[in-house]
Amino acid sequence: MNTKNPMSKALIRRETIAGYAFMAPSLIFFLGFVIYPMIQCVFTSFFDSTMNREDIFIGFSNYGELFQDSIFMGALWNTVIIVIVSVPVTCIFSLWVSSVIYDLKGPLCSAFRCIFYLPVVTGSVAVTVVWKWMFNNYYGIFNYIGTKTGMLEQNINWLGDERYALGCIILILLTTSVGQPIVLYVSALNNVDQSLVEAAEVDGATRFQCFWKIKWPQIMPTTLYILVITTINSFQCFALIQLLTSGGPNHSTDTIMYYIYYNAFKLYRYGYGNAMGVILAIIIALLSAVQFKMARTE
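Cut-offs and rules
Residues numbered from 1 in each chain as written. Predicted model: local features only at pLDDT ≥ 70, side-chain atom pairs only at ≥ 80, totals over all residues. Heavy atoms only, no water. Helix = DSSP H or I, 4+ residues; strand = E, 2+ residues; numbered from the N terminus. Rg over C-alpha atoms; globule rule 2.2 N^0.38 Å. Buried < 20%, exposed > 50% of the residue type's maximum accessible area, 1.4 Å probe, protein only. Contact = heavy atoms within 4.5 Å. Lys, Arg positive; Asp, Glu negative; His and termini not counted. Charge placed at Lys NZ, Arg CZ, Asp CG, Glu CD. Arc of directions from axis to C-beta. Phe/Tyr/Trp six-rings, centres within 6.5 Å; stacked < 30°, edge-to-face > 60°. Salt bridge = Lys/Arg side-chain N within 4 Å of Asp/Glu carboxyl O. Polar contact = N/O pair within 3.5 Å; in protein donor to acceptor, adjacent residues only side chain to side chain. Axes fitted to C-alpha atoms, helices over the stretch in contact; angles between N-to-C directions. Parallel < 35°, antiparallel > 145°, perpendicular 65-115°, else oblique. Nonpolar A, V, L, I, M, F, W, Y, C, P; charged D, E, K, R; others polar. Patch = residues over 30% accessible without salt bridge, like charges linked within 9 Å, V, L, I, M, F, W, Y side chains within 5 Å. Areas by Shrake-Rupley, 256 points an atom, 1.4 Å probe, with all protein chains shown as cover. Core = buried A, V, L, I, M, F, W, Y, C linked by side-chain atoms within 4.5 Å. Disulfide = S-S within 2.5 Å.

Student: How should I be thinking about the overall build of the protein chain in this particular structure?
Tutor: Within the protein chain one finds 14 helices and 2 strands. In terms of C-alpha radius of gyration, the protein chain reaches 25 Å, well past the compact-globule figure of 19 Å for 298 residues. Counting only C-alpha atoms, the protein chain reaches 80 × 60 × 35 Å along its principal axes. In the protein chain, which comprises 298 residues, the share counted as buried stands at 36%. Long-range contacts, defined as pairs at least 24 residues apart, comprise 65% of the intrachain contacts of the protein chain with a sequence gap of at least 6. Placing the 17 positive and 16 negative side-chain charges of the protein chain at their respective mean positions leaves the two points 10 Å apart.

Student: Got a minute to help me understand helix α5 (residues 124–134) in this structure?
Tutor: Helical geometry note: an α-helix holds 3.6 residues per turn, so side chains three or four residues apart project in the same direction. Here α5 has its buried residues at Val127, Thr128, Trp131 and Met134. End-on, the buried residues of α5 take up no more than an arc of 120°, which puts them together on one face. Buried residues belonging to α5 abut α4 (106–121), α6 (141–149), α7 (165–177) and α12 (239–244).

Student: Help me understand the packing of aromatic side chains, please; the structure alone is not making it clear to me.
Tutor: For any pair of aromatic rings, the description consists of the separation of the ring centres together with the inter-plane angle of the planes. Inspection of the entire model under this criterion finds 22 aromatic pairs. Taking 6.4 Å as the distance between ring centres and 5° as the angle between the ring planes, the aromatic pair formed by phenylalanine 208 and tryptophan 212 counts as stacked. Here phenylalanine 208 pairs with tryptophan 212, and both are found in helix α10 (residues 207–218), just 4 residues apart, close to one helical turn. Relative accessible area serves as the criterion here: at 43%, tryptophan 212 is assigned to the partly exposed category. On the numbers, 5.8 Å between centres and 45° between planes, the contact of tyrosine 258 with tyrosine 261 is tilted. Placement of both tyrosine 258 and tyrosine 261 in helix α13 (residues 256–266) is noted, with a separation of 3 residues, approximately one turn of the helix. Assessed through its relative accessible area of 3%, tyrosine 258 is described here as buried. Every member of this aromatic cluster is reached through a ring pair, and the members are Trp131, Phe135, Phe142, Trp158 and Tyr164.

Student: Which parts of the structure should I look at to understand the side chain of aspartate 254?
Tutor: By the element assignment, aspartate 254 lies in the loop between α12 and α13. For the buried aspartate 254, which has no salt bridge, the nearest side chain bearing the opposite charge is lysine 266, at an N-O separation of 9.2 Å. A polar contact is formed between the side chain of aspartate 254 and the side chain of histidine 251, at a distance of 2.6 Å. Every residue in contact with aspartate 254, bar those within four places of it in the chain, is listed here: Ile71, Gly74, Ala75, Asn78 and Gly247.

Student: Can you help me understand the packing of helix α8 (residues 179–190) against helix α11 (residues 220–235) in this one?
Tutor: Any two packed helices are characterised by the angle at which their axes cross and by the distance between the axes. Packing of α8 against α11 leaves a shortest axis separation of 10 Å and a crossing angle of 170°. In terms of their interaxial angle, α8 and α11 are classed as roughly antiparallel. Counted together, Gln180, Pro181, Leu184, Tyr185 and Ala188 of α8 and Thr222, Thr223, Tyr225, Ile226 and Ile229 of α11 form the full contact between these two elements. Its residues assigned to classes, the contact of α8 with α11 comprises 7 nonpolar, 3 polar and no charged.

Student: So what exactly am I meant to see when it comes to a nonpolar patch on the surface here?
Tutor: A surface patch of nonpolar side chains, amounting to about 540 Å² of accessible area, comprises Ile84, Val85, Val89, Phe93, Trp96 and Val100. Taking relative accessible area as the criterion, valine 100 reaches 41% and is therefore assigned partly exposed.

Student: So what exactly am I meant to see when it comes to unusual backbone geometry here?
Tutor: Phi is mostly negative for residues that are not glycine, and the peptide bonds are mostly trans. Cis peptide bonds are those with omega within 30 degrees of zero, and the linkage from glycine 248 to proline 249 qualifies with -5°. Mapping proline 249 onto the fold places it in the loop between α12 and α13. With a phi angle near 55°, serine 246 is a residue other than glycine that sits in the positive phi range. Summarising the element assignment, serine 246 is placed in the loop between α12 and α13. Serine 246 gets classed as partly exposed once you look at its relative accessible area, which sits at 40%. Despite not being glycine, tyrosine 268 has its phi angle at roughly 60°, a positive value.

Student: I'm lost on the nonpolar core in this one. Help?
Tutor: Considering soluble globular proteins, one finds that nonpolar side chains tend to be buried as a cluster. Judged by nonpolar contacts, the single largest core of 35 residues is most densely connected at Leu66, Phe72, Ile219 and Met276. The set of elements that each furnish at least two residues to this core consists of α2 (61–66), α3 (70–104), α8, α9 (194–202), α10, α11, α13 and α14 (270–297). Here the element with the most residues in this core is α3; it accounts for 8 residues. The residues contacting leucine 66, other than those within four sequence positions of it, are Phe72, Met73, Tyr272, Ala275, Met276 and Ile279.

Student: Just checking my understanding: could you explain the state of the cysteines for this structure?
Tutor: A complete count under the given rule lists 0 disulfides for this structure. Left unpaired, cysteine 210 is separated from the closest cysteine sulfur, that of cysteine 109, by 19 Å. Judged by its relative accessible area of 3%, cysteine 210 falls in the buried class. Among the cysteines around cysteine 237, which has no disulfide bond, cysteine 168 carries the closest sulfur, lying 13 Å off.

Remember that the coordinates give geometry; whether it matters functionally is a separate question.
Below is the structure:
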């Protein structure tokens, strides 16, 4: 007979209660500010919900209207372009930079990590103001350099021209997105088993072979995390649009997030905006699942 069993059960029970007690504040916050709004968002998407009157149940009408809304389809296409361009470029560029920084070692490595991470911790408003000045069509630095060097015949309204506005948004997004992946990749490279690399080099493996056959499989979990987070951040691009172009010119820089904001908080069509939010969540979930599946098969 095990005499310690009742005491062990009591100890486990006390530890479980204490654990849940410590979790309670975060759990309450998560349920109240994440789970409940998500449920409310899905629920409201089936209603014609606006201010100063009761909600009217309309079933799937909001979803049907979405795919007949040319502005929404344009915003969806713009968002897809942003994701297709920014995600692979961010991952490849950050991996290359982190490989170079990792070889530097010591204080120089830390200095470069701080430099690349600085835009991440800098306020988005401050960063946007600087970029808005650089793209200014009268006294911006890009127009100044372009006209002085002869690359441009005249000043370009970068953010006010449909041909350039979305490209400018993507460029700014890239500069603010590479900081975190670079820091993560440097940390991941530090955790690579160097004995395997040294053994491969002794056997005559090239630098590329060492990276592809030894380092790349070991940093795959970090790559998967970066892919998922970068994809989600790209789909949720809002602050840059709001502060720089407000979706213009002629809706050429609309994204799903900005169009959700525009309908929900400017037109007060909460149900319609929530329907867009549900569609966006489904797209992000499907893409994340595909990325997890691809990473596991490699």
